[in-house]
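Observations on chain architecture
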Amino acid sequence: MSERLEWPDGFERTPASERDSYPHGFRVSRTRAFDNVLEELRKMDARNVQVETTAPHTQAQPHRPYADRDPDDPGVIVYFERRGQQFAVPCDRWDNLRDNAQAIAKYLNAKRALERY
């Protein structure tokens, strides 16, 4: 957690005025969305996983922000290592942490599907 997210090089930020609610309504809680990210990374055998937001995260589950914290910046960045390479997956397209985390989980699931097929 920090006051400001250090956005990874090579990825553009979404202007705050262009962020919307996800129109198709992810039907998960914020806790489930962040857990989904970890589940997808586990299936990818990812290592050294770090989830960053500007909200404070729980000590027991450091990948999860506290449920009652809604920061002004809804961006989520997931850093991990896989097969000896470092990766970053950021998302700030949506106007809340839950939707950005769930979008990352869906992206990781799609990447795994590409590898399978």
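Our subject is the structure listed above.
I will try to describe carefully the structure that is included in this document. All values reported here derive from a predicted model rather than from experimental measurement.

The rules behind these values
- Residues numbered from 1 in each chain as written.
- Predicted model: local features only at pLDDT ≥ 70, side-chain atom pairs only at ≥ 80, totals over all residues.
- Heavy atoms only, no water.
- Pairing = 2+ DSSP bridges.
- Helix = DSSP H or I, 4+ residues; strand = E, 2+ residues; numbered from the N terminus.
- Salt bridge = Lys/Arg side-chain N within 4 Å of Asp/Glu carboxyl O.
- Buried < 20%, exposed > 50% of the residue type's maximum accessible area, 1.4 Å probe, protein only.
- Core = buried A, V, L, I, M, F, W, Y, C linked by side-chain atoms within 4.5 Å.
- Phe/Tyr/Trp six-rings, centres within 6.5 Å; stacked < 30°, edge-to-face > 60°.
- Lys NZ or Arg CZ within 6 Å of the ring centre and 35° of its normal.

Describing the pairing of strand β3 (residues 85-91)
The pairing of strand β2 (residues 76-82) with β3 spans seven bridges and is antiparallel. Considered in β3, the bridge of Glu 81 is made with Gln 86. Where β2 hands over to β3, the hairpin turn is made up of two residues, of which Arg 83 adopts a positive phi near 50 degrees.

Things to note about the pattern of salt bridges
Summed over the entire model, instances satisfying the criterion amount to 10 salt bridges. Across the pair Arg 19 and Asp 92 runs a salt bridge, and its minimum N-O distance is 3.2 Å. Pair noted here: Arg 19 is in the segment before α1 (30-43) and Asp 92 is in the loop between β3 and α2 (97-116), with a separation of 73 residues, a long-range link. An identical accessibility class is assigned to Arg 19 and Asp 92; each is buried. For Asp 99, the salt bridge goes to Arg 98, with nearest N and O atoms at 2.8 Å. A cluster of three or more residues bridged by salt bridges with shared partners is formed by Arg 13, Arg 19, Asp 73 and Asp 92.

Re the nonpolar core
Counting 22 residues, the largest nonpolar core has Val 37, Leu 41, Val 76, Val 78, Phe 80, Ile 104 and Leu 108 as its most contacted members. When residues of this core are assigned to their parent elements, the largest contribution, six residues, is made by α2.

Topic: the packing of aromatic side chains
Aromatic ring pairs: the centre-centre distance and the angle between the two ring planes describe each pair. Taken as a whole and assessed by the stated rule, the structure comprises two aromatic pairs. Arranged with centres 5.0 Å apart and planes meeting at 90 degrees, the rings of Tyr 22 and Trp 94 form a pair that is edge-to-face. Placement of Tyr 22 in the segment before α1 and of Trp 94 in the loop between β3 and α2 is noted, with a sequence separation of 72 residues between them. You can call Tyr 22 partly exposed: its relative accessible area is 22%. For Trp 94, a relative accessible area of 13% gives the class buried. Relative to Phe 87, the ring of Phe 80 has its centre 5.4 Å away and its plane inclined at 20 degrees; by these criteria the two rings are stacked. Take Phe 80: its relative accessible area is 4%, and that puts it in the buried class. Judged by relative accessible area, which is 34%, Phe 87 ranks as partly exposed. In this structure, Arg 13 packs its charged tip against the face of Trp 7, placed 3.9 Å from the ring centre. Note that Arg 93 overlies the ring of Trp 94, its terminal NZ or CZ placed 4.5 Å from the centroid.

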